[in-house]
Amino acid sequence: MQKKTALYKMIWREITSSKARFFSILFLILLGVGFFAGLQATGPNMLKTADDYFDQQNLYDLHIQSNYGLDEEEYALLDDKEEIEALEGHYSSDVLFGEDRLVIKLIGYDEENQLNQFRVDEGRLPERPNEIALDYSDVITSQYELGDEVMIYSGNKDSNLSDTVSESTYTVVGFVTSPRFITNDSRGQTTIGRGQLDAFGVVQADVFTLDVYTDLFVTFKASANQSMYSDTYIDQMKDYKDTYEPALEDVGTGRLDQIKADAEEEVEEGRTEIEEAKQELSDAEQELTEAKTELETGKEELELAEADLEEAFLELDREEQNYREGVDTFEQEMIKAKKQLRDQEETLEESEQQVQDGLSEIEAGLNQLNEPFVDLVTQETALLDQRDQIRQLNQQLTALFQTPTDQLTDGMKQDWIDETAEVTFNETSLSSLLQGYFNGTVTQEEIKTVIASTDASLTSGISELRTNINEINTQRAELETQQQELEGSLQEIEAGKEALEDARTDLNNQRTETEQELADGRRQLDEGWAEYDQGLSELEEARVDLAQGQADYEEGLQTFNEERQDAERDIEEAEQELDDALEELDTLEAPTYYLTVRHDNGQLVEFEDNAERMSDLATIFPVVFFLIAALVTLTTVTRMIEEQRIEMGTLKALGYTDRDIQKKYYLYALSATLFGAILGLALGYTLLPKVIFNAYQILYNLPPLALDFYWSFTLISLAVALFSSLVTAWYVLRKDLKTTPAILMRPKAPKVGKRILVERITPLWRRMNFMQKVTARNLFRYKQRMLMTVIGISGCAALIITGFGLKGAVEGIVDLQFGRVMNYEAVVALDSAASSTEKEVYRDIIADNETIEASLMVYQETLDANKSGVTPQDVTMFVPENPAELDQFVQLKNRTSAETFDLEKDGAIITEKLATLFEVEKGDDLTLTTADDDALTVTVGGVVENYAGHYLYLSPDIYESMQSTVLEYNAELLKYPYSEDFEAELSDALSDSDYVITTSYNQSMLNLFEDSMESLNIVVVVLIVSAAGLAFIVLYNLTNINVSERIRELSTIKVLGFYDNEVTMYIYRENIILTLMGIVAGGLFGRLLHIFVLDTASMDNMMFNPSLSWTSYLYAAILTMVFSTMVMLMMHRKLKHVDMIEALKSNE
Amino acid sequence: MSYVRVVDEFKRYTMGENTIVANNGISFDVEQGQFAVILGPSGAGKSTVLNILGGMDSPDEGHIYVENNDISQYSKKQLTTYRRDDVGFVFQFYNLVPNLTARENIELASQISPDALDVDEVMESVGLTDRRDNFPAQLSGGEQQRVAIARALAKNPKLLLCDEPTGALDIETGKQILRLLQKTARDFNTTVIVITHNGQIAPMADRVIYIHDAKVKEIVENPRPRSVDEIEW
Ligand SMILES: Nc1ncnc2c1ncn2[C@@H]1O[C@H](COP(=O)(O)OP(=O)(O)OP(=O)(O)O)[C@@H](O)[C@H]1O
Ligand SMILES: [Mg+2]
């Protein structure tokens, strides 16, 4: 136990102290094992994935079709079979679809169906009659979305869509994948359109109106536990197919009788129908005659009504006249009465005016009197007042005069003066008189006289006034009497007026009454007119109706006359048809049955081929890989053991057994190998198949890869890995351990210097400088390692070259095919059943287009090439109208001999890959199968260069000599300088033409093609990356060994004063030369590998460009040099830190 | 000023926890054209000081002057240049490149040296003209060591350092080698420093430096060095 732990410790120390070496062994093994196991597993994984998928979707084992469809009889026959697991009848039909008239296979789907289950990628399957689920392929998904409305059209001019399906418009409800079609681009052949199906669509089975099934699908109990790629499965299915075919044919004979009976019955029915049609025709004639009579009656009635209306008009007119007259009379009378009234009124008003005037005069007179009367009275009053004043003053003065003047006080005097200041008498005032009196100038008497005379004049004035007043009063009385008289006459006038008013009122009343009467009369008259108008318009309508009736009748008559001819012709034709049908029935043959098993489906077989091709690739590449890995591992282990001779010798001298000593190395090698192998297996089994399969998923509609583990590959890779490390270890150890410890402990003599070959070539040797000589000598000193390095590098370079070469080959196809081989840009598929006008229109479109350089009518058909041991191939046949022109559109040149062919002369020309696959040469016969299952045998007149697809070019003479049918050209090749805009324009113009079914453009094929080539590119990238990785590890490892082996030498030159880069170059100069040699050798080796790989990787319908571009070599050289430089930089770092003293110390 | 001056030089090696002092304050001088011998027991630190002197290692402390240049301060690159231009080194185990002939081994050094001597002349001076095209494996030990010396001399170094050049040789051959070295110092005015265990060689030297226990124990000046042939051993 103790010993063991010491041993493990030693191993652990060994590993940690030489990490680089341990991991380089580990990685080499990892790469080798991973690459080998991964690539090997890819093919089987792919097949398993497909097989699982088919099992899951319950893909048919046997598919039966017949040109008569399949009826209860066939179904019943199979239903009885013990070995059948499931049997289902399905409906399908090939139709045109959407605006582009894609050719699709319409498949009926029923929820109950178990077989060929669809995988729903988006949306759902149809649940209603007018729903459709479409193919989940680029062609469809690039144009349609869920919810789109789409139309389908009959693919055949002679048949109606409704004969097959009840609906023509559908809503897209889903996108699905069918296990029947696993590739993304091909859906098989058809007899309509271009002959190639574009896609499929799924509708409810109920939508089909067919009487019989179109397909019967069968699965067998025996297939349940078998891989469909196993030989037992294939054989068993073939057996079933072979037994069922005759059995079905027996049933078919019975069906033919039934069909005949049914047909005869139908003919009878047809006859009845014809009779009915005839009857219908005469019925129609009868109806027309009746209509005519009715029209006549109507006309007479109309005329009568017209006369009535005329009379009514005259009557109304008369009454209108009367009415007008009445109104006039009334108006005149009214005017007269009104005038009378107005005259009377005027007279009255005149007399009233006169009276009023009189009254006014009197008034004025009275007023005139008033003023003088008042004046007089006022004067009288004033005179009376004056007289009273004077008499009163007189009395007071008398009292004053009685008192002597001197007795009177001055005050009293003044009061008297003041009070009498205003009393005046003719120019003299009393006060001045009194003044005079007081002053004594005036006497009392004088004053008394003055007063008395004033009194007298006043009294006489008063009496005069009284006389005047009386006179006025008399005048006034007179006037008042006159006034009263006038007022009396005024009253009389008023009375007259009232009488007049009454008369007016009477007149008005009378007028209202009359007017009322007149209005009534008017209304009646209006009603009368309205009635008349009504009558008039009714009459008009009746007239229009009658005219319409007449027109209808005439039209009916015309139609009838026309249709009668058609109908009579139809009837005649139908009768003819019935006769023909009866005749045809006699020539009718029994139904033909087409039985296909899974392996008759080219797509499934192609997939198998692809998977197997992967396995082929998986053999050669990993072997190269593994070989390199093993060689380098061997070198590494050898070196490791050699480095430790002393340790081994010492252990041996100490008495350890050989076994103990070996154990360490075995365990070291084993652990590096095992870890590397396990990691490699884990990565290889998961990563590589997935990466590669992902690439294939561009081509195939398959579920994600089913990963699997394979004991065989695991064991093989483990065995090789262990062999390359353990056996090397064993071999080297055995040799070393045989020698004595003494010898072991002495360092193994450094490799003895020797003259090398180059030195013998003296002139060359002399011309080399010192360092070149040293390098040359060193190169040949370690021959084994030199060889190893060259092999390793050349292997990696070869892998890289092959990788790039494969990429170039794949990419080259596109350029060569569309650049060199096919010189036309588009193929227009034409409907030969189109009318001549439609054809004319199309011809004009092409002829008028100035961009189109040339066009060529061809007959195009897809043929089948079959041969046992070869996968069936689709071959496109072109029969050009003008064979001499074909070489303008397609290059007709042999690739190797550069011989050019002429279709006119050589008759039948096939493409290279087809010739290779079917092993035919110029002069041999090749038999192909047409879509109608006829054989077509041609003598090959030439084999031409072609990279994608298979073509047969045939001259019309030969074709017609072999086929009974007349050659009808159904396609045209167009040649024009490509531009995206022009193509869009062209496609627009062509889509309007009814002659054109569809146009396929090489540019879009090219795009599709490039997509599918992507898949191979990924494989190539995997290859290049792995090879580059390997190259790096190989270089690193070998350089590392070289350095450690020569560390003493390197230290010596370091001591001698070599600078760091000189030291690195001292050793790396050799590496550069080895790398260059490796690249050169790799170029040669890579070329061979490339040819081999192209051969195995090639697809049946594709030929790779076998030439290898110089760029592939260049890339490989550059990559290898880059890795070499990287390794050099790493070594440079390492050498810089070498301890020279340590290295030179002992004599090791 | 002496041509070579080692001043208070220390070199320590740390091995995990304990430190080994290989040179513990070593100081000595050697004059130009002198033939100096370093003597001392195994593990004394002779090789260490010689390696430092040869520019293959640097001291931890102290200074080393060669022709008044302090090489202890040199960068790695400068040290390489110093080795390339100024130093010739002879090892106990010759360290010839096995894949090169005798002449080529010498050329290896002369190719990179600025004032290299003519290869053939050097070969003649070490008496190997006949063996010029032989590979090391075809030569005896003495012949190999002579090739090694020739390789060192071909550079025309200012300093020739030899670490036990006679250690792997028999007495007679060893003498031959020593004679060659002494002659070199005389004829080319090259400063030669030789490490040896053999104390009997001491009288040959112009100066003998005794190193013991990582220190210089004694330096003995020899006013009249004897020739090899005068020495008995
Ligand atoms: N790289 C190294 N690492 C650790 N210790 C070292 C190293 N080189 C030398 N030594 C130690 O330094 C001391 C001096 O060694 P040196 O080689 O100089 O001795 P020497 O005098 O040359 O001995 P000898 O005569 O045996 O060659 C010794 O003890 C040695 O173990
Ligand atoms: Mg020593």
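Residues numbered from 1 in each chain as written. Chains lettered and ligands numbered in written order. Predicted model: local features only at pLDDT ≥ 70, side-chain atom pairs only at ≥ 80, totals over all residues. Heavy atoms only, no water.

With that settled, the discussion passes to the overall build of chain A. If you tally the helices and strands in chain A, you get 28 helices and 23 strands. Across the 1148 residues of chain A, 46% fall into the buried class. Sequence-distant contacts in chain A: of pairs separated by 6 or more residues, those separated by 24 or more amount to 83%. (Helix = DSSP H or I, 4+ residues; strand = E, 2+ residues; numbered from the N terminus. Buried < 20%, exposed > 50% of the residue type's maximum accessible area, 1.4 Å probe, protein only. Contact = heavy atoms within 4.5 Å.)

For chain B, the helix and strand inventory stands at six helices and 10 strands. Accessible area of chain B: about 9,500 Å², with a carbon and sulfur share of 43%. (Areas by Shrake-Rupley, 256 points an atom, 1.4 Å probe, with all protein chains shown as cover.)

Surveying the vicinity of ligand 1 reveals 15 residues, the closest of which are Ser42, Gly43, Lys46, Ser47 and Thr48 of chain B. The site occupied by ligand 1 is bordered by residues of chains A and B. Contact distances for ligand 1 include 2.6 Å between an oxygen atom and a backbone N or O atom of glycine 43 of chain B. Between ligand 1 and glycine 45 of chain B, the relevant distance is 2.9 Å, taken from an oxygen atom to a main-chain nitrogen or oxygen of the residue. Expressed as a share of its isolated accessible area of 630 Å², the protein-covered part of ligand 1 is 71%. Within the residue set of the shell around ligand 1, elements represented by two or more residues are α28 (1140–1145) of chain A together with β1 (4–15) and α1 (46–53) of chain B. Per-element tally for the shell around ligand 1: the top contributor is α1 of chain B, with three residues. Of the residues belonging to the shell around ligand 1, the class tally is five nonpolar, six polar and four charged. (Near = heavy atom within 4 Å. Polar contact = N/O pair within 3.5 Å; in protein donor to acceptor, adjacent residues only side chain to side chain. Nonpolar A, V, L, I, M, F, W, Y, C, P; charged D, E, K, R; others polar.)

Our focus in this paragraph is the sheet that holds strand β7 (residues 159–163) of chain B. All names here are of chain B. Pairing in this open sheet of six strands is mixed, and the strands run β6-β7-β8-β3-β9-β10 from one edge to the other. Strands with a single pairing partner mark the edges of an open sheet, and in this sheet they are β6 (87–90) and β10 (215–221). Pairs of neighbouring strands in the sheet enclose a mean axial angle of 15 degrees, with direction left out of account. Against the sheet, helix α5 (residues 141–154) contacts β6 and β7, and its axis sits at roughly 170 degrees relative to β6. Lying on the sheet, helix α6 (residues 171–188) is in contact with β3 (35–39), β7 and β8 (191–196); it crosses β3 at an angle near 135 degrees. (Pairing = 2+ DSSP bridges. Axes fitted to C-alpha atoms, helices over the stretch in contact; angles between N-to-C directions.)

With that settled, consider the nonpolar core. The nonpolar side chains of a soluble globular protein tend to be buried, and buried together. Counting residues in each nonpolar core, the largest one holds 136 residues, and the members touching the most others are Phe54, Ile64, Phe607, Phe621, Tyr824 and Tyr953 of chain A together with Leu108 of chain B. For tyrosine 953 of chain A, the contacting residues outside a window of four places in its chain are Phe878, Leu886, Val890, Leu892, Leu903, Gly907, Ala908, Ile909, Thr911 and Val944 of chain A. Listed in part, the 41 residues of the second largest apolar core include Tyr859, Leu863, Ala908 and Val996 of chain A. (Core = buried A, V, L, I, M, F, W, Y, C linked by side-chain atoms within 4.5 Å.)

Let's shift gears to the sheet that holds strand β10 (residues 213–220) of chain A. Residues and elements named next belong to chain A. The strand order β2-β10-β1-β13 describes an open sheet built from four strands, whose pairing is antiparallel. Bordering the open sheet on either side are β2 (84–90) and β13 (593–597), each of which pairs with just one other strand. Taking the axes of each pair of neighbouring strands and ignoring which way they run, one obtains an average angle of 15 degrees across the sheet. Two elements, β2 and β10, share six bridges in a ladder whose sense is antiparallel. Bridge pairing in β10 links leucine 87 to valine 218. Packed onto the sheet, helix α3 (residues 72–79) meets β1 (62–70), β2, β10 and β13 and runs at close to 170 degrees relative to β2. Relative to the sheet, helix α5 (residues 231–402) contacts β1, β2, β10 and β13, its axis offset from that of β13 by approximately 160 degrees.

Residue and element names in this part refer to chain A. Along strand β3 (residues 92–97), five of the six residues are buried, which leaves the element largely enclosed by surrounding structure. For β3 and strand β4 (residues 102–109), the ladder comprises six bridges, and the chain directions are antiparallel. Bridge pairing in β4 links phenylalanine 97 to leucine 102. The antiparallel pairing of β3 with β4 creates a hairpin that spans four residues between the two strands, and glycine 98 there sits at a positive phi of about 65 degrees. Where β3 lies against strand β7 (residues 149–153), two bridges are found, and the strand directions are antiparallel. Bridge pairing in β7 places leucine 96 opposite tyrosine 153.

Another point: the environment of serine 453 of chain A. Residue and element names in this part refer to chain A. In this structure, serine 453 sits in helix α8 (residues 444–587). Residue classification places serine 453 among the partly exposed positions, given a relative accessible area of 43%. Placed 28 residues apart in sequence, serine 453 and phenylalanine 425 show a C-alpha to C-alpha distance of 9.7 Å.

Where empty space is left in the structure can be found by rolling a water-sized probe over the atoms. Residue and element names in this part refer to chain A. Using the criterion set out here, one finds five cavities of 30 Å³ or more in the structure. By volume, the largest cavity is sized at about 100 Å³. Around the largest cavity, the lining residues are Asn778, Leu779, Tyr782, Arg785, Met786, Thr789, Leu1038, Thr1039, Asn1042, Glu1070, Asn1071 and Leu1074. Of all elements in the fold, only α16 (770–781), α17 (783–821), α24 (1002–1045) and α26 (1060–1097) reach the threshold of two or more residues within the lining of the largest cavity. Considering only residue class, the lining of the largest cavity consists of five nonpolar, five polar and two charged. (1 Å grid on protein atoms, 1.4 Å probe; cavity = no way out; pocket = protein on both sides within 12 Å on 5 of 7 lines; lining within 4 Å. Points joined across faces, edges and corners; volume = space filled by probe spheres on them.)

With that out of the way, let us pick up the interface of chain B and chain A. Facing 29 residues of chain B, the contacting portion of chain A comprises 32 residues. Both faces considered, chain B and chain A share a buried interface measuring about 2,700 Å² in area, 64% of it formed by carbon and sulfur atoms. It is Phe93, Asn99 and Leu108 of chain B that lose the most area in chain B upon contact with chain A, and together they represent 22% of the buried surface on that side. Summed over the shared surface of chain B and chain A, the result is two salt bridges. (Buried area = accessible area lost by both parts, 1.4 Å probe. Salt bridge = Lys/Arg side-chain N within 4 Å of Asp/Glu carboxyl O.)

What follows covers the UniProt feature "transmembrane region" (unreviewed entry) in chain A. Residues and elements named next belong to chain A. Per the UniProt entry, the sites bearing "transmembrane region" (unreviewed entry) are residues 20–39, 617–638, 665–689, 709–733, 786–806, 1016–1038, 1072–1093 and 1113–1131 in this numbering. Within the segment residues 665–689, helix and strand shares are 100% and 0% respectively, and the terminal C-alpha atoms sit 35 Å apart. Counting secondary structure, residues 1072–1093 comes out at 100% helix and 0% strand; the distance between its end C-alpha atoms is 29 Å. (UniProt positions renumbered as here; feature names shortened; annotations may be inferred.)

Bringing the pattern of salt bridges into the picture now. Evaluation of the coordinates by the stated rule reveals 52 salt bridges over all chains. Between glutamate 899 of chain A and lysine 922 of chain A there is a salt bridge, with its nearest N and O atoms 3.2 Å apart. With glutamate 899 of chain A in the loop between α19 (886–889) and α20 (903–906) and lysine 922 of chain A in the loop between α21 (912–917) and β18 (925–929), the pair connects residues that are 23 residues apart, well separated along the chain. On the accessibility criterion, glutamate 899 of chain A (34% relative accessible area) is partly exposed. Residue lysine 183 of chain B is joined to aspartate 187 of chain B by a salt bridge in which the shortest nitrogen-to-oxygen separation is 3.5 Å. Residue lysine 183 of chain B and its partner aspartate 187 of chain B are located together in helix α6, separated by four residues, close to a single helical turn. Take lysine 183 of chain B: its relative accessible area is 40%, and that puts it in the partly exposed class.

On the surface, Trp1110, Leu1114, Tyr1115, Ile1118, Val1122 and Met1126 of chain A cluster together to form a nonpolar patch covering roughly 590 Å² of accessible area. Here tyrosine 1115 of chain A lies in helix α27 (residues 1110–1136). (Patch = residues over 30% accessible without salt bridge, like charges linked within 9 Å, V, L, I, M, F, W, Y side chains within 5 Å.)

Residue and element names in this part refer to chain A. Here α5 crosses α8 at 175 degrees, and the two axes come no closer than 2 Å. With respect to α8, the element α5 is oriented roughly antiparallel. Here the contact of α5 with α8 is composed, by residue class, of 66 nonpolar, 30 polar and 37 charged. (Parallel < 35°, antiparallel > 145°, perpendicular 65-115°, else oblique.)

Here the focus is the packing of α16 of chain A against helix α3 (residues 102–110) of chain B. Where α16 of chain A meets α3 of chain B, the closest approach of the two axes is 11 Å, and the angle between their N-to-C directions is 130 degrees. Comparing their axes, α3 of chain B and α16 of chain A come out oblique. Of the two elements, α16 of chain A crosses α3 of chain B, and the hand of that crossing is left-handed. Across the interface between the two elements, Phe770, Met771 and Arg777 of chain A of α16 of chain A pack against Glu104, Glu107 and Leu108 of chain B of α3 of chain B. Grouping the constituent residues of the contact of α16 of chain A with α3 of chain B by class yields three nonpolar, no polar and three charged. (Left-handed = near helix turned anticlockwise from the far one by under 90°.)

Trans is the prevailing form of peptide bonds, just as negative phi is the prevailing case for residues other than glycine. In the Ramachandran plot, glutamate 919 of chain A falls in the positive-phi region, its phi being about 50 degrees despite a non-glycine side chain. Examined against the element boundaries, glutamate 919 of chain A turns out to sit in the loop between α21 and β18. Despite not being glycine, asparagine 156 of chain B has its phi angle at roughly 55 degrees, a positive value. Relative to the assigned elements, asparagine 156 of chain B resides in the loop between α5 and β7.

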